[in-house]
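Examination of the molecular architecture
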Amino acid sequence: DKVGVIGVPSCKGQSAGGVQHGPKALRQAGIIDKLTQLGVEVYDYGDLVFEQFDDDTPILGLKNPKNIGLAAKKISDQVSRVIKDDQIALTLGGDHSLSIGTIHGHAAAEKNMCLVWVDAHADINTPLTSPSGNVHGMALSFLVKELKEYIPQIPHFEWIKPCISAKDIAYIGLRDLDPGELWIVRNMGISCFTMHEVDRYGIDMVLRMSMQAINPHGDRPIHLSFDVDSLDPRISAATGTPVPGGLSVREGIYIAEELAATGKLTAVDLVEVNPLLGTKEERDLTVYAATEIARACFGKKREG
Ligand SMILES: CN[C@](CCCC[B-](O)(O)O)(CCN1CCCCC1)C(=O)O
Ligand SMILES: [Mn+2]
Ligand SMILES: [Mn+2]
Ligand SMILES: [Mn+2]
């Protein structure tokens, strides 16, 4: 496999300082070498550089529209380029608003892609339902075709073309939704495997049901958007919005191993590592879990 690694030091989609250092923390933990050691051909594109705009007033409560909108365009173009070069796009975050760009770019390069969103949160508030105005909690709302009529015009977001249908998305690990998100998930019929389903069916059945729902013939390119806050805070505390009762490292690795085994994994986002949060031990554990997920995405098998 060929993997193109893109660092995205984004933080303006949320309010905790430090998540922009996520890519650096993952690199310092040797994520590139760990992938190379798997026999993967790694192309490291370094970190994207985003021009900082200070004149960026909120619109309808949505914070940093200009910085985020312009960054997402750069991310989209880069991810498209990497996938068109026949490399799997591994994007290291950075906050989850970066997925506006990665999913947009993936859809521009692959007509028929489907999405597995592993997260404690649904990240599908519209600008009008968001309680915080933080775009990392809205990322999907700009991309889902069925939500188009609910999304107001946001400056610097006009270029974003909704590029995925609700039926092409599966959530795994949800356990903290806002009221507006619950309405959307239910009414759009998005496949949703919360921690309740993970406990009820086990992670293997949840994965099988997810694939049955969004990739029944196993022929669709898969986008895995992995928010480290999907994992239990005991092993992933260095993140901005931790929620107790999350996935174990084993469950996270299992998801990655199984998606890797399809041979259809085409883009991976690894987001919301914030090395400034938590103790040094918590940070090291969070980064370790994230790198193990990445290794499993690109061929590391626990069976050897
Ligand atoms: C659940 N929605 C939140 C969190 C979004 C997390 C984004 B992710 O990328 O980390 O998954 C939280 C909104 N709550 C904040 C605390 C008070 C109640 C609302 C939001 O701000 O939209
Ligand atoms: Mn989250
Ligand atoms: Mn998220
Ligand atoms: Mn988060």
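Scroll up to find the structure.
The paragraphs below set out a description of the structure included in this document. (Residues numbered from 1 in each chain as written. Chains lettered and ligands numbered in written order. Predicted model: local features only at pLDDT ≥ 70, side-chain atom pairs only at ≥ 80, totals over all residues. Heavy atoms only, no water.)

Here the focus is the side chain of R175. Looking at the secondary structure, you find R175 in the loop between β5 (169-174) and α5 (179-188). Notably, R175 is buried but unbridged: the nearest opposite-charge side chain belongs to D229, and the N-O separation is 5.7 Å. Polar side-chain contacts of R175 include one of 3.2 Å to the backbone oxygen of L231. There is a polar contact of 2.8 Å between the side chain of R175 and the backbone oxygen of V243. Every residue in contact with R175, bar those within four places of it in the chain, is listed here: A120, M195, D229, S230, L231, P233, V243, P244, G245, G246 and L247. (Helix = DSSP H or I, 4+ residues; strand = E, 2+ residues; numbered from the N terminus. Buried < 20%, exposed > 50% of the residue type's maximum accessible area, 1.4 Å probe, protein only. Lys, Arg positive; Asp, Glu negative; His and termini not counted. Salt bridge = Lys/Arg side-chain N within 4 Å of Asp/Glu carboxyl O. Polar contact = N/O pair within 3.5 Å; in protein donor to acceptor, adjacent residues only side chain to side chain. Contact = heavy atoms within 4.5 Å.)

One recurring pattern in soluble globular proteins: nonpolar side chains tend to sit buried together. Ranked by size, the top nonpolar core spans 47 residues in total, and within it V116, I172, L224, L259 and F298 carry the most contacts. Considering each element in turn, this core owes the most residues, seven residues, to helix α9 (residues 280-297). Leaving out residues up to four positions away in the same chain, V116 has contacts with A170, I172, M211, I214, I222, H223, L224, S225 and L259. Counting residues in hydrophobic clusters, the runner-up holds 33 residues, among them A107, V135, M138 and C163. (Core = buried A, V, L, I, M, F, W, Y, C linked by side-chain atoms within 4.5 Å.)

Around the manganese ion (ligand 3), the protein supplies H96 (ND1), D119 (OD), D123 (OD) and D227 (OD) as donor atoms, at distances of 2.1 to 2.2 Å. For the manganese ion (ligand 3), the six donor atoms are set out with angles of 60 to 173° between them, so the coordination reads as irregular. Positions of the donor residues of the manganese ion (ligand 3) along the chain correspond to the pattern H-x22-D-x3-D-x103-D. Between the two metal centres, the manganese ion (ligand 3) and the manganese ion (ligand 2), the spacing is 3.3 Å, with D119 acting as a shared donor. Placement of H96 in the loop between β3 (88-93) and α4 (99-109) and of D119 in the loop between β4 (114-118) and β5 is noted, with a sequence separation of 23 residues between them. (Donors = N, O, S within 2.8 Å, 3.2 Å for Na, K, Ca; no water. Tetrahedral: all angles 85-135°; square planar, octahedral: opposite > 155°, others 65-115°.)

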